[in-house]
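# Residue-level structural notes
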Amino acid sequence: MEEFIQLNSVDQYNKVYGLQTLHPLVTVVDLSKATQWPTHFRINYRLYALFLKDTRCGDIRYGRQIYDYQEGTVVCFAPGQVVTTVLEEGARPLARGILFHPDLIKGASLGQEVKHYSFFSYDSAEALHLSE
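Residues numbered from 1 in each chain as written. Predicted model: local features only at pLDDT ≥ 70, side-chain atom pairs only at ≥ 80, totals over all residues. Heavy atoms only, no water.

### Comments concerning the packing of aromatic side chains
Aromatic ring pairs are defined here through the distance separating the ring centres and the angle between the ring planes. Taken as a whole and assessed by the stated rule, the structure comprises five aromatic pairs. Arranged with centres 4.8 Å apart and planes meeting at 20°, the rings of Y45 and F77 form a pair that is stacked. With a gap of 32 residues between them, Y45 in strand β3 (residues 40-45) and F77 in strand β7 (residues 73-77) connect regions that are remote in the sequence. Residue Y45 is classed as buried on the basis of its relative accessible area, which comes to 5%. Its relative accessible area of 3% is what places F77 among the buried residues. Measuring from ring centre to ring centre gives 5.1 Å for Y48 and F100, while their planes differ by 20°; the resulting arrangement is stacked. Of the two residues, Y48 is situated in strand β4 (residues 48-53) and F100 in strand β9 (residues 95-100); the sequence distance between them amounts to 52 residues. Take F100: its relative accessible area is 10%, and that puts it in the buried class. (Phe/Tyr/Trp six-rings, centres within 6.5 Å; stacked < 30°, edge-to-face > 60°. Helix = DSSP H or I, 4+ residues; strand = E, 2+ residues; numbered from the N terminus. Buried < 20%, exposed > 50% of the residue type's maximum accessible area, 1.4 Å probe, protein only.)

Okay, here's the thing in structure tokens:
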């Protein structure tokens, strides 16, 4: 059964994965250190999130399309985006990421510029593919 998560805070994200919260507005995560994992869930992000995926562990859907990602890609989400994830049987996500609340950059120049960063608004549900 699909779990729906209204992700309003950094602390809420950390609790979903059993991680420690060190700051209320920003977190750097290593999902290999997570102590729990939901397996079929939909998240309404109210945070900015960038993940470097070390493994492909299941399907991520943005809208009705499968998000195009693989090992070594950066997956980005912005406030207001709804993403559905279904982990493969026995899979554990291996990714590192940074999540931050919009209040962290509000009033700063980055708060004005972030809307121009197209990787937060891919309509094609495509990850940033990195190369060596």
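Having seen the model, we can carry on.
### With respect to empty space enclosed by the protein
Taken as a whole, this structure holds two cavities of 30 Å³ or more when the rule is applied. In this structure, the largest cavity occupies an estimated 200 Å³ of space. Along the wall of the largest cavity there are 17 residues; nearest its centre are Y17, Y45, K53, I60 and T85. Contributions of two or more residues to the lining of the largest cavity are made by α1 (10-17), β3, β4, β7 and β8 (82-87). Taken together, the residues of the lining of the largest cavity sort by class into 15 nonpolar, one polar and one charged. (1 Å grid on protein atoms, 1.4 Å probe; cavity = no way out; pocket = protein on both sides within 12 Å on 5 of 7 lines; lining within 4 Å. Points joined across faces, edges and corners; volume = space filled by probe spheres on them. Nonpolar A, V, L, I, M, F, W, Y, C, P; charged D, E, K, R; others polar.)

### Some words on the environment of Q81
Mapped onto the elements of the fold, Q81 is located in the loop between β7 and β8. By relative accessible area, Q81 is classed as buried at 8%. Here the alpha-carbon distance between Q81 and Y45, two residues 36 residues apart in the chain, equals 5.5 Å. There is a polar contact of 2.7 Å between the side chain of Q81 and the backbone nitrogen of A78. (Polar contact = N/O pair within 3.5 Å; in protein donor to acceptor, adjacent residues only side chain to side chain.)

### Quick look at the side chain of T85
Counting through the fold element by element, T85 comes out in strand β8. Overall, the relative accessible area of 11% leaves T85 in the buried class. Other than its neighbours up to four places away in sequence, T85 contacts T39, H40, F41, D59 and I60. (Contact = heavy atoms within 4.5 Å.)

### Side note on the nonpolar core
Counting 22 residues, the largest nonpolar core has L7, Y13, Y17, Y45, F51, F77 and L99 as the members making the most contacts within it. Secondary structure elements with two or more residues in this core: β1 (3-7), α1, β3, β4, β7 and β9. It is α1 that contributes the most residues to this core, four residues altogether. In this structure L99 touches V10, Y13, L25, V26, T27, V29, Y45, L47, Y48, A49 and F51, once residues within four positions along its chain are discounted. Residues Y48, A78, F100 and V114 belong to the second largest nonpolar core, which totals five residues. (Core = buried A, V, L, I, M, F, W, Y, C linked by side-chain atoms within 4.5 Å.)

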